[in-house]
Amino acid sequence: MKARLFGVGMAGAVLACTGASAQEGGPPKWSVGGIGLYSTSPFALEDGEFNAFPYIAYRGDRFFIEGTELGFHLLKPAEDADAGFSLDVIGSARMLPGSSRNKVTADLGLRASLSGSFGTLSATGLHDATDTSSGMELKAGYSYTFTSDKLFVTPSVGVSWQNEDLTNYLWGTTAEQQAKMIEKDRDVILPVFQPNTKALNFEAGVTAVYQLSDSVNMIAFSNATFLDKDISISPAIDKRYMLTFGLGVAYNF
């Protein structure tokens, strides 16, 4: 379930945004599609997971839904400007990495973006809205789209700073979580550990979108997250990276 939700949050948003940009005469309001997603885990003894699922997205004048993220445009870029600035209030689901711990929470925050011929720069601040971890995350990213007829290729890079509360929540294991693993007779029993440190993680990815028709797009994407060395000291983690690969199709209307 967690991997499926993660895929909706990432791939759903990518399909919706690129589907919108690929259409002439203004972006469509709705997108529906399907996604196949394979993701690895940094935790020891956990295998990679493959999931296939549907998704739906909506883009209104102010309100939008993209996968597991919803938001409201406080500021929208001017249509005739060379560079456009936007500011959004967003809410999104957050899932624990790996497959041994079952937990889904929600974040609230702000995202600012500046787009133009140079690409897109973004900065995001998120805080746990459920009071589960009291965690906070600050993210910055850059992407640039290369176009060729019906093909759109977008490489991206990013960095994410997580405070100690969020780092412990995402990458640590509590005694209660371990007890539930034992009770449910899980194949993997993670050791109890708390990093008790802030973390700085890096990301890199690439997305390729091919426009099959005016309304239908196919997409292939990959993403890599490189973990802070202070996270990888956990005895439960044996890889300092997570990888995600996906294929999808979207119908925009």
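Being a predicted model, the structure only gives us computed values, none of them experimental. (Residues numbered from 1 in each chain as written. Predicted model: local features only at pLDDT ≥ 70, side-chain atom pairs only at ≥ 80, totals over all residues. Heavy atoms only, no water.)

Before going further, it helps to spend a moment on unusual backbone geometry. Positive phi outside glycine occurs at aspartate 131, with the angle close to 60°. With respect to the element layout, aspartate 131 can be found in the loop between strand 7 (119–128) and strand 8 (136–143). Under the relative-accessibility criterion, aspartate 131 is labelled exposed at 61%. (Helix = DSSP H or I, 4+ residues; strand = E, 2+ residues; numbered from the N terminus. Buried < 20%, exposed > 50% of the residue type's maximum accessible area, 1.4 Å probe, protein only.)

A few words now on the pattern of salt bridges. Should their charged atoms come close, side chains of opposite charge can pair. The tally for this structure, following the rule as stated, stands at seven salt bridges. The partner of arginine 111 in a salt bridge is aspartate 88, and the shortest N-O contact between them spans 3.8 Å. Of this pair, arginine 111 sits in strand 6 (residues 104–116) while aspartate 88 is found in strand 5 (residues 84–95), placing the two residues 23 residues apart along the sequence. Here arginine 111 matches aspartate 88 in class, with each residue buried. Among the charged side chains, a salt-bridge network with shared partners connects Glu69, Asp88 and Arg111. (Salt bridge = Lys/Arg side-chain N within 4 Å of Asp/Glu carboxyl O.)

The subject of this paragraph is the packing of aromatic side chains. Here the distance between the centres and the angle between the planes together describe a pair of aromatic rings. A full pass over the atoms with the stated rule returns three aromatic pairs. Relative to tyrosine 58, the ring of tryptophan 30 has its centre 4.8 Å away and its plane inclined at 55°; by these criteria the two rings are tilted. Of this pair, tryptophan 30 sits in strand 1 (residues 30–39) while tyrosine 58 sits in strand 2 (residues 49–59), placing them 28 residues apart in sequence. (Phe/Tyr/Trp six-rings, centres within 6.5 Å; stacked < 30°, edge-to-face > 60°.)

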